[in-house]
Amino acid sequence: MNVVEDAAALLGERVRRDVPLGPMTTYRVGGPAALFVRIDTDADLAAVCRAVRRTGIQTLVVGKGSNLLVADRGFAGLAVTLGDHFAGVEIRGTTVRAGAAAALPVVARRSAAAGLTGFEWAVGVPGSIGGAVRMNAGGHGSDMAAALVGVRLVDLRSGEDEVVSAETLDLGFRRSAVAAHQLVVWAELQLAPGDRNRAEATIAEIVRWRREHQPGGANAGSVFVNPPGDAAGRLVELAGMKGHRLRSAVVSPKHANFIIADEGGRADDVFDLMLAVQDRVRRHCGVTLYPETRLVGFDPSPLDRPEPRSEVER
């Protein structure tokens, strides 16, 4: 049984073949998806669910790609992304409902302009609302768990479509219970009333700080999760890996927990450099670092994170 061909037949004109995923990520490197569908309507979403349910094809949900590294050999299943229909932002009082395709900086600025506070941190994260829910994205002392009330979640395998509370998502530090075959459609945030000028000033300060302290170029933000009581970047620098280059990838000389991919480089070089950094830190510092970055299409490796403990700190 060829699940790729069967899924393609079921999806018909909605599907595209061998679509490069690298340009959809902030690393700008990586291979193609065997099949790709942009979900622009509820009918598209229903069609994808039918194809996945009937064939069992592996799925990959692609948001803004700001936390994703796809192997050069690509992804042998069905990649899906949400279109603009799922990027709306609705504000009622102190409640914000944002489509999963909405960009975090957009939601942060819209909320601040409405005189709401509690989501300013998100202006510095170039991801989508859906991706932020799945990884419990955060920064500047807060995260999604601090404001998330509930989400509409669709199981692509079963077609189950339900609204669930944030408490059911087991949100921890840079993780959640949202599985690879589940698609966040929208998220609801509960923010606090505040002063618009103060909220927008906070946003401006976050933008200034990130430009000053974090590198540009093709990267996906922090590579490794901070271990309890420490900073991954400090350990990488202590191990002598700051500025270390491996072929077309380099540990940023500006911030040691960032890896920059050269233009026209290879995702496998980024992955190999992550392995080299992890090994050096383990040997020099006695600490095993695990990636924040979602790795797709790579063989199992020491980078694979262990199952999270129930008491993982938010």
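Keep in mind that what you see is a predicted model, and the values were worked out from it rather than measured.

> Honestly, the packing of aromatic side chains in this entry has me stumped. Any pointers?
Between two aromatic rings, the relevant description is the distance of the centres plus the angle of the planes. Considering all chains together, one arrives at 2 aromatic pairs under this definition. Ring centres 5.2 Å apart and planes at 65 degrees place the aromatic pair Phe-119 and Trp-121 in the edge-to-face group. Positioned over the ring face of Trp-186 is Arg-97, at 3.7 Å from the centre of the ring. A cation over an aromatic ring shows up here: Arg-174 above the ring of Phe-173, its NZ or CZ 4.5 Å from the ring centre.

> Looking at this structure, how should I read the side chain of Asn-219?
Among the structural elements, Asn-219 can be located in the loop between helix 5 (196-213) and helix 6 (232-238). For Asn-219, a relative accessible area of 11% puts it in the buried group. A distance of 2.8 Å separates a polar atom in the side chain of Asn-219 from the backbone nitrogen of Gly-221.

> Looking at this structure, how should I read the sheet that holds strand 1 (residues 16-20)?
The pairing of strands in a sheet happens through backbone hydrogen bonds and is either parallel or antiparallel. In space, the 4 strands of this open sheet follow the order 1-2-5-3, with mixed pairing throughout. The open sheet has two edge strands with one neighbour each: strand 1 and strand 3 (59-61). Taking the axes of each pair of neighbouring strands and ignoring which way they run, one obtains an average angle of 45 degrees across the sheet. Bridging between strand 3 and strand 5 (residues 75-82) involves 3 bridges; their strand directions are parallel. Its bridge partner being in strand 5, Leu-60 is matched across the sheet by Ala-79.

> Honestly, the sheet that holds strand 13 (residues 182-190) in this entry has me stumped. Any pointers?
Read across the open sheet, the 5 strands follow the order 6-7-13-11-12; overall the sheet is antiparallel. Two strands bound the open sheet, and with one partner strand each, they are strand 6 (89-92) and strand 12 (161-165). The average angle at which neighbouring strand axes cross in this sheet is 20 degrees, direction not considered. With 5 bridges joining them, strand 7 (residues 95-99) and strand 13 adopt antiparallel strand pairing. Following the sheet pairing, Ala-98 is matched in strand 13 by Ala-187. Contacts from helix 2 (residues 42-55) reach strand 11 (148-155) and strand 13, with the element oriented near 60 degrees to strand 11. The strands touched by helix 3 (residues 104-113) within the sheet are strand 6, strand 7 and strand 13, with strand 6 carrying the most contacts at an inclination of about 25 degrees.

> What is the right way to look at the nonpolar core in this model?
Side chains of nonpolar character tend, in soluble globular proteins, to be buried together. Grouped together as the largest cluster of nonpolar side chains are 65 residues, with contacts concentrated most on Phe-119 and Leu-148. Those residues in contact with Phe-119 that sit more than four places away from it in its chain are Leu-104, Val-107, Ala-108, Ile-129, Met-144, Leu-189 and Leu-191. Residues Phe-224, Met-241, Ala-261 and Phe-298 belong to the second largest nonpolar core, which totals 28 residues.

> I would appreciate a short explanation of the side chain of Glu-120 in the present structure.
Take Glu-120: it is sitting in the loop between strand 8 (116-117) and helix 4 (129-135). Despite its burial, Glu-120 pairs with no opposite charge, the nearest such side chain being Arg-198 at 8.7 Å. In terms of polar contacts, Glu-120 uses its side chain to reach the side chain of Thr-117, at 2.6 Å. Once residues lying within four places of it in the same chain are set aside, the contact partners of Glu-120 are Ala-108, Ala-199, Thr-202, Ile-203 and Ile-206.

> Help me understand the environment of Gly-127 in this model?
Secondary-structure assignment places Gly-127 in the loop between strand 8 and helix 4. When the C-alpha atoms of Gly-127 and Thr-26 are compared, they prove to be 9.5 Å apart, with 101 residues separating the residues in sequence. Excluding anything up to four places from it in sequence, Gly-127 contacts Lys-64, Ser-66, Ala-102, Ala-103, Leu-104 and Pro-105.

> Teacher, can you tell me more about the pairing of strand 12 here?
Here is the key point about a regular strand: its side chains alternate between the two faces of the sheet. Here 5 bridges tie strand 11 to strand 12, and the two strands are oriented antiparallel to one another. Across the sheet, residue Gly-150 finds its bridge partner in strand 12, namely Ser-165. Here strand 11 folds back onto strand 12 in antiparallel fashion, the turn holding 5 residues, of which Gly-159 has a positive phi close to 85 degrees.

> When you look at the pairing of strand 6 in this model, what are you seeing that I'm missing?
Bridge analysis of strand 6 against strand 7 gives 4 bridges, and the strand direction is antiparallel. Residue Arg-92 lies in a different strand from strand 7, and its bridge partner there is Thr-95. Between the antiparallel neighbours strand 6 and strand 7 lie 2 residues, among them Gly-93 with a positive phi of about 65 degrees.

> How do you make sense of the pattern of salt bridges when you look at a structure like this?
Where side chains of opposite charge bring their charged atoms close, a pairing between them can arise. Taken as a whole and judged by the stated rule, the model has 21 salt bridges. Here Glu-200 and Arg-196 are joined by a salt bridge, their closest N and O atoms 3.0 Å apart. Here the residue Glu-200 and the residue Arg-196 both occupy positions in helix 5, the gap between them amounting to 4 residues, near one helical turn. Judged by its relative accessible area of 30%, Glu-200 is partly exposed. The closest approach of N and O atoms between Asp-268 and Arg-266, which form a salt bridge, is 3.4 Å. A relative accessible area of 22% places Asp-268 in the partly exposed class. Note on Arg-266: relative accessible area 42%, which makes it partly exposed. Residues participating in the shared-partner salt-bridge network are Asp-72, Arg-266 and Asp-268.

Definitions and cut-offs
- Residues numbered from 1 in each chain as written.
- Predicted model: local features only at pLDDT ≥ 70, side-chain atom pairs only at ≥ 80, totals over all residues.
- Heavy atoms only, no water.
- Phe/Tyr/Trp six-rings, centres within 6.5 Å; stacked < 30°, edge-to-face > 60°.
- Lys NZ or Arg CZ within 6 Å of the ring centre and 35° of its normal.
- Helix = DSSP H or I, 4+ residues; strand = E, 2+ residues; numbered from the N terminus.
- Buried < 20%, exposed > 50% of the residue type's maximum accessible area, 1.4 Å probe, protein only.
- Polar contact = N/O pair within 3.5 Å; in protein donor to acceptor, adjacent residues only side chain to side chain.
- Pairing = 2+ DSSP bridges.
- Axes fitted to C-alpha atoms, helices over the stretch in contact; angles between N-to-C directions.
- Contact = heavy atoms within 4.5 Å.
- Core = buried A, V, L, I, M, F, W, Y, C linked by side-chain atoms within 4.5 Å.
- Lys, Arg positive; Asp, Glu negative; His and termini not counted.
- Salt bridge = Lys/Arg side-chain N within 4 Å of Asp/Glu carboxyl O.

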